[in-house]
Amino acid sequence: MTTKAGKNENETALTLLRTAMAPLEEARALPFAAYHSEDFFALEMDRVFRGDWVAVCAEAALADTGDYLAIDIAGEPLVLIRSADGELRALSNVCRHRGTVLLDPGVDNLHGERIVCPYHGWSYSDSGTFRGAPYAQGARIDRDEHCLPSFRTEVWMGIVFVCLSADAPPLAERLAGIAPHLAEFDMASFAAPGALSAPEVWAANWKLIVENGMESYHLFKVHENTLEKISPTKGAYYIEGSAAWTLTGGEIVQGGGGIAGKLLATLFGSGASGDHYVLVSIPPSFVGVVTKDSWDWIIAHPLSPTSTRVLLGSLARSSPDLMTRMAASGYTAAFLEEDRAICERVQTGMAARASAGGRLVPLERVVVDFHHYLAWHLTGESPPERHVEATR
Ligand code: FES
Ligand SMILES: [Fe+2]
């Protein structure tokens with residue numbers, strides 16, 4: 001139900017979001033209400049998460065027949081499943097009889113079985129066709145009418161994106177400008193998926209997590225003893241971007257010895273100077289980082305205005321050995337914990353009524369692009385042209 005206060009708050013946020021279309025030189029942080037208003041969240045679910053492409057996981061993580069990931073996007077239960085014909089499908093995970101959720105959330109394999117509803121046992125094939133209803137006693141159940149609906153999927157750089165809307169333009173079209181920038185990394189050779197780890201839930205609005213993932217401004221402060229040692233804030237730069245996607249990058253430097261130095265050698269090969277990373281931001285939900293040895297990402301799926309499911313994923317060129325995996329996962333856990341803590345701390349700050357967001361700085365140009373994306377999808381206003389950084 002929309003309260004009067006909620007509606008006003010929402011309108012205020014929308015009005016202020018229009019000002020987010022301002023160029024970098026005038027850009028400011030979003031109004032705090034955008035990070036906790038129920039109405040604003042409902043609008044985002046409707047126009048952004050039900051209207052655009054949302055990243056889910058590595059396609060290669062669901063390689064075998066019957067492999068599936070049951071998850072919901074904007075409250076819509078769905079299952080990504082590798083069908084017997086080799087296709088990866090996004091099927092509705094809701095029974096056509098009386099609406100029960102079919103498969104439990106998480107990762108599993110059908111092991112050759114059908115999808116069977118836990119309520120009255122109606123069953124479906126791994127491609128969503130209706131297979132039968134026990135004790136139907138002659139009731140005529142139209143097979144075509146009782147199939148599981150499916151959703152659009154596209155795979156981009158090894159990652160599956162799902163779109164609940166029939167209207168969004170194809171993802172490949174929108175992202176076409178990225179590939180030339182990543183040519184040096186031979187993206188097609190990233191084929192070995194990391195394990196599909198259990199999603200985490202962070203007590204922060206999804207936008208805080210995405211903004212934090214995109215910008216390299218906070219590295220020197222939040223990740224002083226982790227990421228900053230390898231990819232310092234002072235080495236970060238903007239490459240090219242707009243509301244549709246943004247690429248930023250940065251130098252990878254020699255670690256200062258100790259654990260960071262060892263991990264640097266493990267994770268980034270020699271760690272020779274001259275190495276660099278490229279950060280790929282695809283709103284609303286995806287931020288990935290590519291180096292010459294790895295392709296890692298973080299995906300945010302909103303659960304409520306103040307909680308977000310965070311999915312981590314990766315692709316490597318070959319299956320890394322156990323030691324490397326353990327070192328990498330320990331290191332990732334350390335800096336992600338730093339990110340989670342700062343995002344949750346900002347969320348607490350968003351409750352303030354006596355304060356408001358301030359100016360954004362040039363290192364946050366990617367955040368400005370993200371605000372352009374939001375304003376574009378939520379208010380319908382056309383975003384500014386692509387920006388290409390002239391010098392680094
Ligand atoms: S609700 Fe699924 S079989 Fe009845
Ligand atoms: Fe961070």
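See above for the structure.
Enquirer: Whenever I open this one, the overall build of the protein chain confuses me. Can you help?
Expert: Along its length, the protein chain carries ten helices and 19 strands. Within the protein chain, the proportion of its 392 residues that are buried is 40%. Taking the contacts inside the protein chain whose residues are at least 6 apart along the sequence as the reference set, 64% of them involve residues at least 24 apart.

Enquirer: Just to check I follow, could you spell out the sheet that holds strand 1 (residues 53-58) for this structure?
Expert: Pairing between the strands of a sheet comes from backbone hydrogen bonds, and it takes one of two forms, parallel or antiparallel. With antiparallel pairing, seven strands are arranged side by side in an open sheet as 1-10-9-4-3-2-5. The sheet is open, and its two edges are formed by strand 1 and strand 5 (106-109), each paired on a single side. When the angles between neighbouring strand axes are averaged without regard to direction, this sheet yields 30°. As paired strands, strand 4 (residues 88-92) and strand 9 (residues 150-156) are joined by two bridges and run antiparallel to one another. Looking at strand 9, one finds that alanine 90 is bridged to phenylalanine 151.

Enquirer: Help me understand the nonpolar core, please; the structure alone is not making it clear to me.
Expert: The tendency in soluble globular proteins is for nonpolar side chains to be buried as a group. With 95 residues, the main nonpolar core has Val56, Tyr68, Leu69, Val79, Leu80, Phe161 and Ile209 as its most contacted residues. It is helix 10 (residues 365-379) that contributes the most residues to this core, nine residues altogether. The residues that make up this core include at least three from each of domain 1 (4-52 + 176-388) and domain 2 (55-155). With residues up to four places along the chain from it excluded, the contact list for leucine 80 reads Val56, Leu62, Tyr68, Leu69, Leu88, Ala90 and Val160.

Enquirer: Help me understand the packing of helix 5 (residues 206-214) against helix 10, please; the structure alone is not making it clear to me.
Expert: A pair of packed helices is captured by two measures, namely the crossing angle of their axes and the spacing between those axes. Between helix 5 and helix 10, the least distance of the axes is 8 Å, while the angle of their chain directions is 145°. The two elements helix 5 and helix 10 meet at a crossing, and its hand is right-handed. From helix 5, Val210, Glu211 and Met214 reach across to helix 10, where they touch Val366, Val367 and Phe370.

Enquirer: In this structure, what is going on with the environment of glutamate 389? I would like to understand it.
Expert: Residue position: glutamate 389 is located in the segment after strand 19 (387-388). Along the primary structure glutamate 389 and threonine 248 are separated by 141 residues, whereas in three dimensions their C-alpha atoms are 9.8 Å apart. With residues near it in sequence (within four places) discarded, glutamate 389 still touches Tyr237, Tyr238, Ile239 and Glu240.

Enquirer: Please explain unusual backbone geometry as it appears in this structure.
Expert: Apart from glycine, the bulk of residues carry a negative phi angle, and the bulk of peptide bonds sit in the trans form. Residues proline 283 and proline 284 are joined by a peptide bond in cis, for which omega reads 15°. For proline 284, the location among the structural elements is in the loop between strand 15 (276-282) and strand 16 (286-290). With a phi close to 50°, tyrosine 135 is a non-glycine residue in the positive phi region. For tyrosine 135, the position within the fold is in the loop between strand 8 (130-132) and strand 9. The class for tyrosine 135 is exposed, based on 7 C-beta atoms found within 10 Å. The residue methionine 157 is not glycine, and still its phi comes out positive at about 50°. Relative to the assigned elements, methionine 157 resides in the loop between strand 9 and strand 10 (159-163).

Enquirer: What exactly am I supposed to notice about the pairing of strand 4 here?
Expert: Walk down a regular strand and you will see the side chains alternate between the two sheet faces. By the bridge criterion, five bridges tie strand 3 (residues 76-82) to strand 4 in an arrangement that is antiparallel. If you follow arginine 82 over to strand 4, its bridge partner there is leucine 88. The turn linking strand 3 back onto strand 4 is made up of five residues, and glycine 86 within it adopts a positive phi angle of 90°.

Enquirer: Sorry if this is basic, but what is going on with the pairing of strand 17 (residues 294-304) here?
Expert: Along strand 17, nine of the eleven residues are buried, which leaves the element largely enclosed by surrounding structure. The sheet contact formed by strand 17 and strand 18 (residues 307-316) spans ten bridges and is antiparallel. Residue pairing for strand 18: tryptophan 295 is matched across the bridge by leucine 315.

Enquirer: Can you walk me through the sheet that holds strand 6 (residues 115-116) in this structure?
Expert: One open sheet holds the three strands; their spatial order is 6-7-8, and the pairing between them is antiparallel. Either end of the sheet is taken by a strand with one partner, and the two such strands are strand 6 and strand 8. Alignment of strand 7 (residues 123-124) against strand 8, held across two bridges, turns out to be antiparallel. Among the inter-strand pairings, serine 123 is bridged to a residue of strand 8, identified as glycine 132.

Enquirer: For this particular structure, what's the right way to read helix 10?
Expert: The terminal C-alpha atoms of helix 10, which comprises 15 residues, lie 21 Å apart, in line with the 21 Å expected from a rise of 1.5 Å per residue. Counted residue by residue, helix 10 has 14 buried out of 15 residues, so it is predominantly covered. Glycine 380 sits one or two residues past helix 10 and shows a positive phi near 85°.

The rules behind the values
- Residues numbered from 1 in each chain as written.
- Chains lettered and ligands numbered in written order.
- Predicted model: local features only at pLDDT ≥ 70, side-chain atom pairs only at ≥ 80, totals over all residues.
- Helix = DSSP H or I, 4+ residues; strand = E, 2+ residues; numbered from the N terminus.
- Buried ≥ 20, exposed ≤ 12 C-beta atoms within 10 Å, placed from the backbone.
- Contact = placed C-beta atoms within 7 Å.
- Pairing = 2+ DSSP bridges.
- Axes fitted to C-alpha atoms, helices over the stretch in contact; angles between N-to-C directions.
- Core = buried A, V, L, I, M, F, W, Y, C linked by C-beta atoms within 7 Å.
- Domains from an automatic or database assignment.
- Left-handed = near helix turned anticlockwise from the far one by under 90°.
- Expected span 1.5 Å × (residues − 1).

Remember, this is a structural readout, not a statement about activity or role.
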